[in-house]
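# Per-entry structural report
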Amino acid sequence: MSTQTHFDPSRRAFLGATAGGTALTIAGLPSQALARINAPHDPEKLKETTEVFGFCDMCYWRCGLKIRSRDGKAVKIDGNPEHPNNWGVVCGKGNAGLMVAYAPNRLKHPMKRVGKRGEGKWKQISWDEALDTTAKELLKVKKKYGPQALALIGHGSWEKPYHRLAHAFGTPNTTSPVFGLCCGPRGLSNMMIMGRNLTGNETLDLENCKYFLMMGRNITESLHNGETLGWVNGVANGAKVVYFDPRYSITASKADEYYAIRPLTDHAFLLAMINVVINEELYDKQFIAEYVVGFDELKQRVQKYTPEWAEPITEVPAKDIRRLAKEMAAKAPSVFVYSPRRLTRSSNDFGTGMSITILNTLFGVWGRKGGVFTPQKYKVPEIDLPEFEHATALRNDSGGDFNYEQPEIPLAHIQDESGKYHRADGAGVMGRWPIANAQYGLTNEMWRAMAEQKPYPIRALITAGGNGFLNSTNYDIIRKALETVDFYVAGDVIPNEMNMYADILLPEASYLERYDDLQVGGAREGYVAVRMPAMKPLHDTRDAWTICKQLADRMELGAYFPHDSIKELLDDRLKKAGSSLAEIEKVGILKIPADPAKNFPLDHGGKLKIKTPGGSTKAELIPGMLKQMGYDKALDYVEQVRPNEDEFHMTFGRIGFHTHARTQDNVWTADLMRENVLWIHPEPATKRGIKEGDLVKVTDRKGRDGEIKAKVTARIRKDTIFMVHGFGHWDKRMTTAYGQGVADSDLASYAVDPHVGSMSMGLSLVKVEKV
Amino acid sequence: MTKKYVMLADTVRCINCKACVVACRAEWETPMGYTRDWVKEVEWVQNDQPKVMLFPGRCQHCDDAPCIEACPSGAAYKRADGLVLQDNCICSGCELCVPACPYEARWLNPVTNTISKCTFCQPRIDKGLEPACVQTCVGRALIFGDMNDQESEVSKLLKEKEWVRLTTDEVNIGPNHYYYTAGEALPDEVMPKLHDRHLSGKTMEIVNPIGAIAIGGMLLTFLGAGVMKLIGRRNEVSTSENQEEK
Amino acid sequence: MILFTCYSKNLFKINDLYLIGTNSIRILSELIKKVNRQPQLYLLASGLFNQPTPARIENLRSLLNELLQTIPKNAPELPILMALKPQLNYKEDLETEYSRLFILAFPNKPVQPFASYWLESDQSLMGNSTLEIKKMMAEQGIEVAENSGLLPDHIVSELEFLAYLASQDDEKARQTQQQLLEQHCARWMPQFIAELKQANPILYYQLAADFLINLTGF
């Protein structure tokens, strides 16, 4: 159809009964014409293409791809049917990846800042000058302050080589937002209690699950393609869906039961569920006996959390809580309590995460059909590398799981006895955020460390993709950090508000134009997948690995990038794993087949191997390690903020065809939705004279505000407003995204989870008025 | 047995991710402002509860396609297996077929100046591939195949579940696109509608006699244009192509 | 005469396959000294829209001086060339202005120097027009150099291509030149120039725009 009204019916001509084919037999038409008309038709043709394998980079699920090219350019992105992340499907964003490569405003040449930082005046320079300058400035900082004065913040296309470069440089301060801004509390909860990190590419037996209790987790719009498909299949196979969300999302429309739970109170509901499951003996007794410790202690602690206690807090009826618990028990262990993907919202996300893990554990879902399977790993050795002098944690391939290898770190705050610097963001550091993941770090705290220059000076910054403003909620800190460092170099494919502040811009080739290090993952199958370029890098861009190698060579760190090319590195690793680059390029992915005995040990007479960070070989419902630190109090419910009469909870989330703060500038995805709108219930809307499409002003308690159009809908609670994340860009170089909608990140809260150090973004309370 | 291609859309599986829309755009180089397929999101309130339904849509490749009737040059045609296709060598871009379609599936492509619409990915299916939208669909909500083949997935699904089509009393032209809604009623927003001045081969309201003359004149012009274009284009067609019977 | 014919046939073919974007204007302009001034004018235009590095500005100045030596007094482009002359002195302002206008505009939108941006409905690069130009070039034995950072439909590439075509003696080159100008460049360069003027450029780029108008007739 036309998405614009391009035809005007009033100028249509009418054909009467002589319409169509009969007109062509009108006498007088030349017979030659008739012969031509009756000739075979010449419809559209499918043009020839070549194909390579890859994996997507629009979001972090990383679906397996096959990319078709013609005349030296990628023309269509298809799914790789063999890849366990997506089994051949590709979402709208993935299909729109072509427009990342062909964006007219993508970063094309190395640029050097002229004028004030952030002013936007640039000069095109050569790669040599860009790399020379970068190396020189970084070494200057190293000489004056030490290697730990360099921070790397990544959230881009395969940032792995940047991490390696930074670790080689000698700093521990490398971070990605995934832990501190997103999955930290829930991955950590699973890790602490079960010794199994469950995050990243989750290992859930969705097709066979019979009961989804979803605390948010808007799986149909916060897309993880293979996971979403698995869930859709599970639902088609008869799973019951009970969905909790202040907003009636698409997932809600597919739920059997929907509860518009009061925002931030999920923890209360979950504690009440645990209370019922324990008191009415709905748990898996055998599983508890064999694999779990701490049951009695937990029972004591949850007695006060009755359904009647939870009802006024959550607005979920007590009788429903009791009923749901019974229903789940009847379907256990093929049940799953689904955490939201991003659990950084309430002032006690860690407690919420723990309750989710506890409930799942009580139902014995681990290692069972319809529950959580045990993944297999395709072992691909890392290349031989020299020691990393100062890095306190290495980044390993873990298929999306966080790596929790914790080296011994004594109590000294900034440095240990051997002079190794602790992470500036305090992740994994005793006395600061000891249980936060020391590999991914706390990105929010890293920004703060840079802004405040505490606990020690950070004077140089490398960013690899990402948008520190729109993925964070305290612009002042970000801005201060960017203005404070002596030197900032940004590698990225697209321009954005953060890399606008760079001193040197390094234009990266997009994921369609490069090789990258291997994707090593664990599903039922173990797998390793390759990313191959579908075309040569456009303009004057270079792939991340090459950039990092060329920087390393200039800083005498070449030993950490010993190969001449990324292809050589790939071949080296694959040969060590018994394969080769040539072999994997033929098929795109190498797999160890699924093994039900390994994936579902408890269904096949096997045992669950558990090792918690606390050292227990059983699941610790109240982890001893947390008790030692006093962090077990996270399990207790903490009262959450409530809006005044004229305020709303400020919530944000996803839609299927946008993600992060990058797709808003992609012409194809922007075409599906150009700006975000503010979801508001008809009752408060009417009270404020707000009608559908009206421009409204939304203001938070700090006085931050924005103007946005209203969507008046019954699909949101009366005390809550919602907007899709990632809009409200103000970088004019983002010519499609600029000025569209409002930045949720500039209205969301900046609070820090007291135990994990991750951010709490859902505490913001706002007013809405018609403009 | 002759094939009868149908598209099935399971609205319960559909998640409105728009993968189908973007995949189609990429596959067929659709210019901005237009699309061959779409997903309509309909929301309303029922018994105090919000409700949402999702409807993937495209050309329905109707058994009794009014676009073919409306086309003066024969560019719009129906293949034996049911596909309603477009011969862009003949198409003159007169746009008479556009309002003829009650599903609003047809539009004039400003780049080629010929009509574009969903073709069930005819060039792909003729090579044994799935339509692009079907292949990419995240929820596997789109299923395509030959309903005359008893072993095909579409046949099995058509038997297993209850599928409906977008037909009304006014518009009942045999669409080959089926929808599964788990028993929910079809909302009005997705139903086909006749345009005010829809071309259907039946007598139309002509406002004044001068209009009739103008129309006649236009008819000849369009026909003439269509035929001239046809002749011009076909002059390039090699004779070997003419050996097949239509 | 034979020398001239040989020379003109091998014009620009420094290797077997001529690569756009590799050779400095100085080298190219030396090769075409003996032919009519059209190629030099295109070469000048191509250089004016390329990155204004010190070396390039110097070469453009030399090229311009050469042109001025032999150009007839009534040549229509003479006033603009005269106006350009004092502008061809390197200063860093030129570079920031170049970046502002064509690469990372701030605060306005960049004036994208790629035909595809203007001709594709989604303003994407590497569109059908890019491939058309690539094919046209290939037919003449020309390719855009891999390390040049250019695309076939970048204004610099197209103008350099026109310079090449103008320097060739054969009918095919003349036809291609006409086709390129009338059926391709005419469809996007006017809009490009108009938007460039709207971006309030410094005098150097105002003159570059005027020069392009004068040269192409758009």
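Numbering of residues starts from 1 in every chain and runs along the sequence as written. Whichever chain is written first is A, and whichever ligand is written first is 1; the rest continue in order. The model is predicted, so local features are restricted to residues of pLDDT at least 70 and side-chain atom pairs to those at 80 or more, both for listing and for counting; the totals for chains, interfaces and linings are taken over all residues. Think of the side-chain values as coming from all heavy atoms in the structure, minus any hydrogens and water.

### As for the overall build of chain A
The helix and strand inventory of chain A stands at 23 helices and 27 strands. Values of the radius of gyration come from C-alpha atoms, whereas the globule rule sets the reference at 2.2 Å times the count of residues to the power 0.38. Compactness check: chain A gives a C-alpha radius of gyration of 27 Å against a globular reference of 28 Å for 771 residues, within 12% of the reference. Along the longest, intermediate and shortest principal axes, the C-alpha atoms of chain A span 95 × 65 × 60 Å. Here chain A holds 771 residues, and the buried ones make up 68% of them. Relative to all contacts within chain A whose residues are 6 or more apart in sequence, the contacts with residues 24 or more apart total 73%. Per-residue and other accessible areas were derived by the Shrake-Rupley procedure at a 1.4 Å probe size, with only the shown protein chains allowed to occlude residues. Of the roughly 25,300 Å² of accessible surface on chain A, a fraction of 51% belongs to carbon and sulfur atoms. Here a strand is any run of E in DSSP of at least two residues, a helix any run of H or I of at least four, and the numbering for each starts at the N terminus. Whether a residue is buried, partly exposed or exposed follows from its accessible area with a 1.4 Å probe, protein chains only, as a fraction of its type maximum: under 20%, in between, or over 50%, in that order. We call two residues contacting when some pair of their heavy atoms lies within 4.5 Å.

### As for the overall build of chain B
A tally of helices and strands in chain B yields 6 helices and 9 strands. Per-residue burial over chain B gives 57% buried out of 246 residues. Considering only residue pairs separated by 6 or more positions, chain B has 60% of its internal contacts joining residues 24 or more positions apart. Element-wise, carbon and sulfur atoms account for 51% of the exposed surface of chain B, whose accessible area totals about 10,700 Å².

### Details of the packing of aromatic side chains
Between rings of Phe, Tyr and Trp, where Trp is taken as its six-membered ring, a pair exists when centres lie within 6.5 Å; planes separated by under 30 degrees are stacked, by over 60 edge-to-face, and by other angles tilted. Within the structure shown, the criterion is met by 33 aromatic pairs over all chains. Centre to centre, the rings of Phe244(A) and Phe269(A) are 4.3 Å apart; their planes meet at 40 degrees, and the pair counts as tilted. A residue pair is termed long-range when its members are at least 10 positions apart, and Phe244(A) in strand β9 (residues 240-244) and Phe269(A) in helix α9 (residues 266-279) qualify at 25 residues. Look at Trp679(A) and Phe722(A): their rings are 5.5 Å apart centre to centre, the planes differ by 80 degrees, and that puts the pair in the edge-to-face class. Residue Trp679(A) is located in strand β21 (residues 677-680), and its partner Phe722(A) is located in strand β24 (residues 720-724); the two are separated by 43 residues in the primary sequence. Of the residues examined, Trp679(A) reaches a relative accessible area of 9% and is grouped as buried. An aromatic cluster is defined as three or more aromatic residues linked by ring pairs; in this entry it consists of Phe49(C), Tyr98(C), Phe102(C), Trp188(C), Phe192(C), Tyr204(C) and Tyr205(C).

### Re the sheet that holds strand β9 (residues 177-180) of chain B
Residue and element names in this part refer to chain B. Two strands are said to pair when DSSP picks up at least two bridges between them. The 3 strands are arranged β8-β1-β9 in an open sheet whose pairing can be described as mixed. Among the strands making up the open sheet, the edge pair consists of β8 (142-146) and β9. Neighbour-to-neighbour, the strand axes of this sheet turn through a mean angle of 20 degrees, independent of strand direction. As judged from the 4 bridges shared by strand β1 (residues 5-10) and β9, these two strands associate in the parallel manner. When the bridges of β9 are listed, Leu8 appears paired with Tyr178. Whenever a helix is involved, its axis is fitted only over the stretch in contact; in every case the axis is a line through C-alpha atoms, and angles between N-to-C directions fall within 0 to 180 degrees. Contacting β1, β8 and β9, helix α5 (residues 153-160) runs over the sheet at an angle of about 110 degrees to β8.

### Focus on the pairing of strand β3 (residues 73-79) of chain A
Looking along a regular strand, one sees side chains alternate from face to face of the sheet. In terms of burial, β3(A) is largely enclosed, as 7 of its 7 residues are buried. Between strand β2 (residues 64-70) of chain A and the antiparallel strand that follows it, β3(A), lie 2 residues; Asp71(A) among them carries a positive phi value of about 55 degrees.

### Focus: the pattern of salt bridges
All names here are of chain A. What makes a salt bridge here is a side-chain nitrogen of Lys or Arg within 4 Å of a carboxyl oxygen of Asp or Glu, nothing more. Under the criterion given, the structure shown has 87 salt bridges over all chains. Residue Asp425 pairs with Arg423 through a salt bridge whose shortest N-O separation is 2.8 Å. Here Arg717 and Asp719 are joined by a salt bridge, their closest N and O atoms 2.9 Å apart. Residues Arg717 and Asp719 agree in their burial class; the two are buried. In the salt-bridge network here, residues are joined through shared partners; they are Asp57, Arg62, Glu508, Arg514, Asp516 and Arg531.

### Remarks on the side chain of Asn50(C)
Residue and element names in this part refer to chain C. Turning to its location among the elements, Asn50 is positioned in the loop between α3 (38-48) and α4 (54-70). Owing to a relative accessible area of 16%, Asn50 belongs among the buried residues under this scheme. Once residues lying within four places of it in the same chain are set aside, the contact partners of Asn50 are Arg56, Tyr98, Val156 and Tyr205.

### Points about the sheet that holds β3(A)
Residues and elements named next belong to chain A. Strand order in the open sheet made by the 3 strands is β1-β2-β3, with antiparallel pairing throughout. In the strand order of this sheet, the two ends are held by β1 (50-55) and β3, each with one partner. The average undirected angle you get between the axes of adjacent strands in this sheet is 30 degrees. Direction of pairing for β2 relative to β3: antiparallel, over a ladder of 6 bridges. In the strand pairing of β3, Ile67 is matched with Ile77.

### Brief notes about helix α11 (residues 189-198) of chain C
All names here are of chain C. For α11, the set of buried residues is Met189, Phe192, Ile193 and Leu196. Axial view of α11: buried residues confined to an arc of 95 degrees, hence all on one face. Against the buried residues of α11 lie α6 (92-102), α7 (115-119), α9 (155-167) and α12 (203-216). In the stretch just after α11, Asn200 is the one whose phi turns positive, near 60 degrees. Picture the helix axis, draw a direction to every C-beta atom, and the arc is the one those directions span.

### Notes on unusual backbone geometry
That bond from Ala332(A) to Pro333(A) is cis: its omega, 5 degrees, falls within 30 degrees of zero. That bond from Lys454(A) to Pro455(A) is cis: its omega, 0 degrees, falls within 30 degrees of zero. Note on placement: Pro455(A) falls in the loop between α15 (443-452) and β13 (460-465). Despite not being glycine, Asn16(B) has its phi angle at roughly 60 degrees, a positive value. Tracing the backbone shows Asn16(B) in the loop between β1 and α1 (19-28).

### Considering the packing of helix α12 (residues 307-314) of chain A against helix α13 (residues 318-331) of chain A
Residues and elements named next belong to chain A. Contact geometry for α12 and α13: axes closest at 8 Å, N-to-C directions at 120 degrees. If you check the angle between α12 and α13, you find them oblique. At the point where α12 passes α13, the crossing takes the right-handed sense. Here Pro307, Glu308, Ala310 and Glu311 of α12 lie close against α13, whose contacting residues are Ala318, Ile321 and Arg322. Broken down by class, the residue content of the contact of α12 with α13 amounts to 4 nonpolar, no polar and 3 charged. The scheme is simple: roughly parallel for angles under 35 degrees, roughly antiparallel for over 145, roughly perpendicular for 65 to 115, oblique for anything else. Crossings are classed by handedness, with left-handed meaning an anticlockwise turn of the near helix from the far one by less than a right angle and right-handed meaning a clockwise turn. Nonpolar residues are Ala, Val, Leu, Ile, Met, Phe, Trp, Tyr, Cys and Pro. Charged residues are Asp, Glu, Lys and Arg, and all others, Gly as well, are polar.

### Topic: the nonpolar core
Most often, soluble globular proteins keep nonpolar side chains buried together rather than apart. Think of a nonpolar core as a cluster: buried Ala, Val, Leu, Ile, Met, Phe, Trp, Tyr and Cys residues, connected wherever their side-chain atoms sit within 4.5 Å. Ranked by internal contacts, the top residues of the largest apolar core, which has 202 residues, are Trp447(A), Ile721(A), Leu48(C), Phe49(C), Phe102(C), Phe192(C) and Phe211(C). With 9 residues, α9(C) is the largest single contributor of residues to this core. Membership of the second largest hydrophobic core comes to 146 residues, among which are Ala272(A), Val277(A), Leu442(A) and Cys62(B).

### Topic: the confidence of the model for chain A
Residues and elements named next belong to chain A. pLDDT: the predictor's confidence for each residue, scored from 0 to 100. The predicted model of chain A has a mean per-residue pLDDT of 91, with 91% of residues at 70 or higher. Scored below 50 in pLDDT, residues 5-29 makes 50 contacts in the model with residues more than four places away or belonging to other chains. Contacts for the low-pLDDT stretch residues 397-412, under 50 throughout, to residues beyond four places or in other chains number 50 contacts.

### Quick notes on the confidence of the model for chain B
Residue and element names in this part refer to chain B. Of the residues in chain B, 79% have a pLDDT of 70 or more, and the chain-wide mean is 86. Contacts of residues 199-212 to residues separated by more than four positions or lying in other chains number 19 contacts, the stretch itself having pLDDT below 50. When the criterion is pLDDT under 50, residues 237-246 qualifies, and its contacts beyond four places in sequence or with other chains add up to 9 contacts. Prediction confidence for the complex, expressed as pTM and ipTM, is 0.90 and 0.92 respectively.

### So, the side chain of Thr651(A)
Locating Thr651(A) in the fold gives a position in strand β20 (residues 648-653). The contact partners of Thr651(A), leaving out residues within four places of it in the chain, are Thr720(A), Ile721(A), Phe722(A) and Met723(A).

### Observations concerning the environment of Pro434(A)
Among the structural elements, Pro434(A) can be located in the loop between α14 (349-362) and α15. Remark: the alpha-carbon pair of Pro434(A) and Val756(A), spanning 322 residues in sequence, is separated by 7.9 Å.

### What about the environment of Leu470(A)?
All names here are of chain A. With respect to the helices and strands, Leu470 occurs in the loop between β13 and α16 (475-484). Taking the C-alpha atoms as reference points, Leu470 and Arg662, separated by 192 residues in sequence, lie 9.6 Å from one another. Excluding anything up to four places from it in sequence, Leu470 contacts Tyr475, Glu497, Ala661, His725, Gly726, Phe727, His729, Trp730 and Ser745.

### Quick word on the packing of α15(A) against α16(A)
Residue and element names in this part refer to chain A. Closest axis-to-axis distance for the α15/α16 pair is 7 Å, and the angle between their directions is 55 degrees. By the criterion of interaxial angle, the relationship of α15 to α16 is oblique. The two elements α15 and α16 meet at a crossing, and its hand is left-handed. Taken together, the residues of α16 that come into contact with α15 (itself represented by Trp447, Arg448, Met450 and Ala451) are Ile477, Ile478, Lys480, Ala481, Leu482 and Thr484.

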